[in-house]
Amino acid sequence: MYLCCGPSGSSKTTLANKVYTEEIAVGNTCVICSTDSVWQESSPEQKYLFSLNGLSIAHKLNQIKCEVAMQQKIDCIIIDNTNLDYQSFSPYIELAIKNEYEISFLVPNTTWLTNKEILFQKNVHNVPMKTIERQIEKFNKLDFADLNNKIEVMRETYRLSGIFQSVFKEDN
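Student: Would you explain the overall build of the protein in this entry?
Tutor: Scanning the protein for helices and strands turns up 7 helices and 4 strands. Counting from the amino terminus, the protein carries its helices and strands in the arrangement β-α-β-α-α-β-α-β-α-α-α. Per-residue burial over the protein gives 40% buried out of 172 residues. For the protein, restricting intrachain contacts to residue pairs at least 6 apart in sequence, the fraction spanning at least 24 positions comes to 73%. If you sum the accessible surface of the protein, you get close to 10400 Å²; carbon and sulfur atoms cover 53% of it.

Student: I keep staring at the packing of aromatic side chains and nothing clicks. Help me out?
Tutor: Describing an aromatic ring pair means giving the distance of the ring centres and the angle of the ring planes. By the definition in use, this model includes 2 aromatic pairs. By the ring-pair criterion, three or more aromatic residues cluster together here, those being Phe89, Phe105 and Phe144. For the cation-ring pair, lysine 122 lies above tryptophan 112, with the distance from its terminal atom to the ring centre recorded as 4.5 Å.

Student: Any chance you could explain helix H4 (residues 86–98) here in plain terms?
Tutor: It helps to recall that an α-helix has 3.6 residues per turn; residues three or four apart then point in one direction. The end-to-end C-alpha distance of H4, which contains 13 residues, comes to 17 Å, matching closely the 18 Å that a straight helix rising 1.5 Å per residue would cover. The axis of H4 is deflected most strongly, by about 25°, at tyrosine 92. Among the residues of H4, Phe89, Ser90, Tyr92, Ile93, Leu95, Ala96 and Ile97 are the ones counted as buried. Just downstream of H4 lies glutamate 100, where phi reads positive at about 60°.

Student: I'm lost on the pattern of salt bridges in this one. Help?
Tutor: Should their charged atoms come close, side chains of opposite charge can pair. In total, this model carries 9 salt bridges according to the counting rule given. In this structure, the salt-bridge partner of lysine 98 is glutamate 67, at a minimum N-O distance of 3.9 Å. Taken together, the residues lysine 98 in helix H4 and glutamate 67 in helix H3 (residues 55–71) connect sequence positions 31 residues apart. Among the residues examined, lysine 98 registers a relative accessible area of 46% and is labelled partly exposed. As a salt-bridge pair, glutamate 133 and lysine 130 come within 3.9 Å of each other at their nearest N and O atoms. In this pair, glutamate 133 and lysine 130 are both assigned in helix H6 (residues 129–141), 3 residues apart and thus about one turn of the helix distant. Among the residues examined, glutamate 133 registers a relative accessible area of 26% and is labelled partly exposed.

Student: Would you mind showing me how to read helix H1 (residues 12–25) here?
Tutor: When the terminal C-alpha atoms of H1 are compared, their 20 Å separation across 14 residues agrees well with the 20 Å that a helix rising 1.5 Å per residue should span. Turning to H1, its buried residues number three or more, namely Lys12, Leu15, Ala16, Val19 and Glu23. All buried residues of H1 lie within an arc of 100° about the axis, which places them on one face of the element. Structural note: H1 exposes Thr14, Thr21 and Ala25 on the side pointing more than 90 degrees away from its buried face. Turning to H1, the residues buried within the fold contact strand E1 (2–4), strand E2 (30–33), strand E3 (76–79) and strand E4 (104–106).

Student: Can you help me understand the nonpolar core in this one?
Tutor: If you look at the biggest cluster of nonpolar residues, it comprises 26 residues, and the most contacted ones within it are Met1, Leu3, Cys66 and Ile77. If one sorts the elements of this core by residue count, H4 sits on top with 6 residues. Dropping the residues within four chain positions of it, leucine 3 is found in contact with Ile79, Asn83, Phe89, Tyr92, Ile93, Ile103, Ser104, Phe105 and Leu106. Of all hydrophobic cores here, the second largest spans 9 residues; its members include Leu15, Val19, Ile32 and Cys76.

The rules behind the values
- The residue numbers shown here count from 1 along each chain, following its written sequence.
- At least 70 in pLDDT is required for a residue's local features to be given in this predicted model, at least 80 for side-chain atom pairs to be given and counted, and no such filter applies to totals for whole chains, interfaces and linings, which use all residues.
- In computing side-chain properties, one takes all heavy atoms of the structure into account and sets aside hydrogens as well as water.
- A run of H or I in DSSP counts as a helix once it spans at least four residues, and a run of E counts as a strand once it spans at least two, with each numbered from the N terminus.
- Relative accessibility under 20% of the residue-type maximum defines a buried residue, over 50% an exposed one, and the middle range a partly exposed one, all with a 1.4 Å probe and only protein chains included.
- The contact criterion used is simple: two residues touch if any of their non-hydrogen atoms lie within 4.5 Å.
- Each accessible area is a Shrake-Rupley result for a 1.4 Å probe, and residues are judged covered by the shown protein chains and nothing else.
- Only Phe, Tyr and Trp rings are paired, with Trp represented by its six-membered ring, and only when their centres lie within 6.5 Å; those with planes under 30 degrees apart are stacked, over 60 edge-to-face, the remainder tilted.
- Comment: the charge-over-ring label is applied if NZ (Lys) or CZ (Arg) is within 6 Å of the ring centre and within 35 degrees of the ring normal.
- One less than the residue count of a helix, multiplied by 1.5 Å, gives the span that helix is expected to have.
- Values of bend correspond, residue by residue, to the angle between axes fitted over the seven residues ending at that residue and the seven starting there.
- Salt bridge, as used here, is a side-chain nitrogen of Lys or Arg placed within 4 Å of a carboxyl oxygen of Asp or Glu.
- Arc, as used here, means the arc of the directions from the helix axis to the C-beta atoms.
- By nonpolar core is meant a set of buried Ala, Val, Leu, Ile, Met, Phe, Trp, Tyr and Cys residues that side-chain atoms within 4.5 Å join together.

No statement about biological role is implied by the geometric values presented.
What follows is the structure in structure tokens.
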């Protein structure tokens, strides 16, 4: 599973589509899970109809799409969201661990990754400048080594909890 992360306008979706194409080209099944697609799929004209009030529901729908893809044993799952903090990553990380998926982070290698003016110009969803500034601040605080350590701890905890559950089940 790939977790895209970066501010709005940083080309996460372009990168997700590139990885998708590469995975399909080598014969893997692949799906992109994007909360943005919830806003487009809800519109017959495929217009982007963002609603801050519905954001938590849209994220939950995207998590369900990811979980279904995992249950279907899709080879490659790409989470195309901003994912700027552990809270954003954690539902997907938990699903990946539970379903035995490897986890990699996808960060766009663009020259404007933290340039607020260019991000503002390039973002296609009219994200306000103040929001982009907050996104850059959060992105700059991301510690991928720490995230990877947390993932390994979660993986080991999940593995051990499964061992304990099976031991207790055998006692019955």
